[in-house]
Structures are given as structure tokens and as C-alpha cells.
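# What the coordinates show
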Amino acid sequence: MQLTIRARLTILYFAVLAASFFAFFWICDFGFQRSIETTVNDASRGNLESVRKVIEASLPQGVPKVQQQLTQLSSLWANGAIFEVASADGEWLFRSARFLSPEFALPAIPPAGVSFLTNNLEMRQYQIARERLLIGGKTFLIDAAVPTEPFDQALDNFRLIEKEFLPLLVILASLLGYWLGGRALAPVNRIIQSAEEVGVQSLSRRLELPCAKDELRRLTETLNAMLDRIESSVKRITQFTADASHDLRTPLSLIRTNAELALRRPRTESEYRATLSRILASSEESAQLIEQLLTLARADAGATQLNLKVAPLLPVLLDACQQARLWAQAKGLDFQDSLPSEPLTVHMDARAMERLLLTLLDNAVKYTSAGGTVRLRGHSDERHAIVEIADSGIGIAESDLPYIFDRFYRADQARSREVPGSGLGLAIARWIADGHNATIDVESSMGNGALFRVRVPLAGAAASAEALPKTLEPPVESAV
Ligand code: ADP
């Protein structure tokens, strides 16, 4: 059976209280008994002492004088204390009236010193102290009894209170604990209630903050911060899905329109060829878009692992330059490269790194008009391999710069010129850079071309192996 926190707290409270009260009363009871014992024993000893003094003082005047003095002493003790004195040969010199009880008689010679025994005389509890004394060359046996009834009575009363009040006290305190538990947990119930009201349709709702600046407030703040993150993730996913569907629809409707138009009436072979080329271009565009979407979806799910190995960057740069030169030639651009003599060893996934560089080179070619220039320069500083890809193209407006790495973001410039693209290339490039602990910086302004600078930690540098992320987070959006 699953108990609520409140019930568990109450049970715990009950158990702790019962144990503490029990221990407390037990210690009091024990202390009380000990203190009664000490008081009574001291009183008995005091009485023995008084009797001894009387015997010592009156013995020189003969035994009758002793008896007379003891009788006098006995009558002085109004508190019920009694005593009896015998000589060593068993002859009673004095006995208080209540000691005449037949049940009580002096035993054989008791041991030296004071010994204590409890006896019930006339149904009353007495503590009896017994002593053997040598006074004036004679041995005397003295019993002095102090009534313990008042003490016993007090102890009984205390135990009665203990018996009657202990369970009551524990029950009352437990009820109080149950009530307090309810009060303490009330804010938790409020948090639960408002958390239950948050759903996908009402993700913008937040939990009400408790007034007190305590742990529950911190918990609520943490939950609210978590809701912020969930809301922005859901928004991002919704936006991503909407953008993806929109961008996929465009090439697909182009394919459909081209095919429909071609089928309306018979065409010449060259018309069919032209239509089929347009269809091919559109299907390539959608295939590329789907591939990019898949890459990002896998990255989001954490399913894509980069295979990082220590490898030289130079061969990757050479391959990328070869490809970029072909693109540049096809578009009538001048392509220049400047590569280092050293291999630039880094931790990298060569295929992913090549993809990153080709994305930047593809953009440089795409956004530069015929006659322009595209440059790639590879070099290094103490800790990084640095690759700079520059072009003399349309450039990027300052207001667009913070967003170009966001998914589906395309600057108006790029859209208005009808340059093909999805706005996903740089998002993927940055995800790859993050996976290499690398950075990508951009320097650009409208009409003045763009310079993308990639810095990858060198394998020997301190900031390499350990600094590399173990798992890759999906690309982060700066604006959704
Ligand atoms: P796209 O498929 O649109 O090229 P990217 O993610 O690669 O998507 O780039 C995002 C946007 O950044 C582009 O649409 C463009 O506006 C801008 N951009 C990227 N590289 C360049 C460049 N070399 N010159 C000018 N604009 C660029």
C-alpha cells in the first residue's frame, strides 16, 4: 500500500514522539526512585546517628538512663521514625511501640557498618537501617526505621500520571503533527494542481510562486524554468515541422505542375527534355532537403555520432578545394586557395568536416555573381587549425548575421535573388563544428562579400581531446 507523504510523516512523528516521551518518563521515574532512595537512606543514617549520640551521652550514667533518654528521643520524632536498640547478648534496651510487632526481631549479629533493608511494619513501608556499634566497650545493635509511604505515594501518583497522560499526549501530538504536515504540504498540492493544468495547448502557463522564499519556491522556479525550455523546444519543433512541410511542398508542386503542363498536349522531344530537366532539378532539391532534415532530426534525437579520429586536415582541404574549383568554374568565378605546408592534425570526423567546408564553399559560390572571387585559406595558430572561406559576393546584412545559423533562416537578399537553398546548411555546419569543439565566425556586410572562419582545436593542443564533447547536442537556435 502506497502511503501519502502526510501519512508517512504522521506515522514517523508518532513513533518518534512515543519513543521520546517513553524515554523521558522512564528517565524521570528512574531519577525519582534514586532520589527517594538517597533521601530515605540519608534520613535512616541520620536517625542511627542520633540514637548513637544519645547512647554515648547517657551510657556513663547507667543503662536505665540510656533507656530513659531513648524514650525521650522517640517521643520527639513526630514524623513516624522509629528505632530499637539491643545489647549484644540479645536483651532489648529500647523498642519503639511499633517495633514490638512479632514479625520483626533482631537477627543474629549483623555485619559491621550500616546495612539497609525494607520491611513492612503494620502494612506500612519502612526503610530500616541497621548498625552494630561499639560504645564504651559494649556492643549495641540499632535498627532505625524511616517511613517511606509519603515517597511511595508520590511515586505512585507520578506513575499514574505517566500511564494516563502518556498515550493522550502522544495521540494529541500526533494529531498536531498530522495537521502541521497538511499545512506544510499545502503548497505542494497547489503546485501539483497548477502543474496538472499545464498541457501542450497551454504550455505558456506557469506555476504560481509560493510567497515564502523556501525550497518549494525554488522547486516551483525550477519547474517554471523547465516549462520555459519545454515551451521553446515545442515551439521550435512546431516551427521546424511547418517550415519543413512548406519547403518540401514547393519542389513537389513544381514537379506536379511541370508534369501536368507537359501532359496537357503532345510536346516535342526538346520540350519533354526541358520539362524532365526541371522535374529532375526539383526532385534533387527535395531529395537534398529531405537529407538535410533527416540529418537534423537525427542530431535532435542524439542518434548521429561523429566518428572523431586524430587525422590531418590538409587532405580534406584539398578535396574541398577540388570540388569548389569545379563549382566556381561552372559559374564563371575565380577560385583561389592558399594551403599550409603542415598537415594540421586535428580530432575530426573527416566526412563531417568535409561537409562543413563544402557547405561554406557552396554558399560562397551560390551568393557570388559571375566574375567574382572565392578564396580558401588554411593556416594555424598555436592551438587551432584555421580555415577561412571568403567571397566577393552579395554579403550579409548586419541585421541578418545573428540568425543565419538558425534553421530555415534565409536572408531577404538570398530569397529575392532566387538562389536555391533551404536555410539548413549553416545549421548543420554549426552542429558539426560544435561536435568538433570548433567555432565558426562570420565577417560580412551588405555588398562586400563574406568571410567565414572555422577554428578547429589542434590535436596536440591542451584544448583538444578532453575538451571534446562526449555526446552531441542538436544545433541550438538563437531565435525561433
Ligand atoms: P541556404 O540553403 O539558404 O544557403 P544556409 O543555412 O547555408 O542556407 O545559409 C543561411 C543564409 O545565410 C542564406 O540563406 C544566406 O542568406 C546567408 N548566407 C550564407 N552564406 C552566405 C554567403 N557566403 N554570402 C551571403 N549570404 C550568405
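An account of the accompanying structure is given in this report. (Residues numbered from 1 in each chain as written. Predicted model: local features only at pLDDT ≥ 70, side-chain atom pairs only at ≥ 80, totals over all residues. Heavy atoms only, no water.)

### With respect to the site of the ligand
Rule in force here: Whether a residue is near a molecule or strand depends on its heavy atoms: it is near if one of them lies within 4 Å of it. Polar contact is defined as a pair of N or O atoms within 3.5 Å, subject to the rule that within protein one atom must be able to donate a hydrogen and the other to accept it, and that residues adjacent in sequence are counted only when both atoms are side-chain atoms. Exposure was quantified through the Shrake-Rupley algorithm and a 1.4 Å probe, taking into account, for residues, occlusion by the shown protein chains and nothing else. Two kinds of site are reported from a 1 Å grid over the protein atoms alone, namely cavities, where a 1.4 Å probe fits but cannot get out, and pockets, open sets with protein on both sides within 12 Å along at least five of seven lines, and residues are called lining when an atom falls within 4 Å of a point. Pocket occupancy is defined atom-wise: a molecule lies in a cavity or pocket when more than half of its atoms are within 2 Å of its grid points. Secondary structure elements are defined from DSSP: runs of H or I of at least 4 residues count as helices, runs of E of at least 2 residues count as strands, and each element is numbered from the N terminus. In this classification, Asp, Glu, Lys and Arg are treated as charged, Ala, Val, Leu, Ile, Met, Phe, Trp, Tyr, Cys and Pro as nonpolar, and every other residue, Gly included, as polar.
Near the ligand there are 21 residues, and of these Asn 363, Tyr 367, Arg 410, Ser 422 and Leu 426 occur at the shortest range. Within the side chain of Asp 391, an N or O atom sits 2.9 Å from a nitrogen atom of the ligand. Between the ligand and Gly 425 there is a distance of 3.2 Å, counted from an oxygen atom to a backbone nitrogen or oxygen. Out of a free accessible area of 530 Å², the ligand has 98% covered by protein chains. The cavity where the ligand resides is the largest pocket. Mapped by element, the contributors of at least two residues to the shell around the ligand are helix H7 (350-366), helix H9 (425-435) and strand E12 (450-457). When residues in the shell around the ligand are grouped by element, the largest group, 3 residues, is from H7. Residues that form the shell around the ligand fall into these classes: 12 nonpolar, 6 polar and 3 charged.

### Structural notes on the pattern of salt bridges
Worth spelling out the cut-off: A pair is scored as a salt bridge if a Lys or Arg side-chain nitrogen falls within 4 Å of a carboxyl oxygen belonging to Asp or Glu. To sort residues, take the accessible area from a 1.4 Å probe on protein chains only and compare it with the maximum for the residue type: under 20% means buried, over 50% means exposed, and anything in between is partly exposed.
Tallied over the entire structure, the rule returns 19 salt bridges. Between Arg 205 and Glu 197 there is a salt bridge, with its nearest N and O atoms 3.1 Å apart. One salt bridge in this structure joins Glu 221 and Arg 217, with 3.5 Å as the shortest N-O distance. In this pair, Glu 221 and Arg 217 are both assigned in helix H4 (residues 215-264), 4 residues apart and thus about one turn of the helix distant. Judged by relative accessible area, Glu 221 falls into the partly exposed class, the value being 37%.

### Regarding unusual backbone geometry
Positive phi is not limited to glycine here, since Phe 408 has a value of about 70°. Tracing the backbone through its elements, the reader meets Phe 408 in the loop between strand E10 (384-391) and helix H8 (412-416). Despite not being glycine, Asn 437 has its phi angle at roughly 60°, a positive value. Relative to the helices and strands, Asn 437 is located in the loop between H9 and strand E11 (439-444).

### Here we look at the nonpolar core
Condition: Grouping buried Ala, Val, Leu, Ile, Met, Phe, Trp, Tyr and Cys residues that are joined through side-chain atoms within 4.5 Å yields what is termed a nonpolar core. Residue ranges for the domains trace back to a domain assignment, done automatically or taken from a database.
Counting 52 residues, the largest nonpolar core has Leu 313, Leu 356, Leu 361 and Phe 452 as the members making the most contacts within it. Counting residues per element, this core draws most heavily on H7, at 9 residues. In terms of domain composition, this core takes at least three residues from each of domain 2 (215-300) and domain 3 (305-471).

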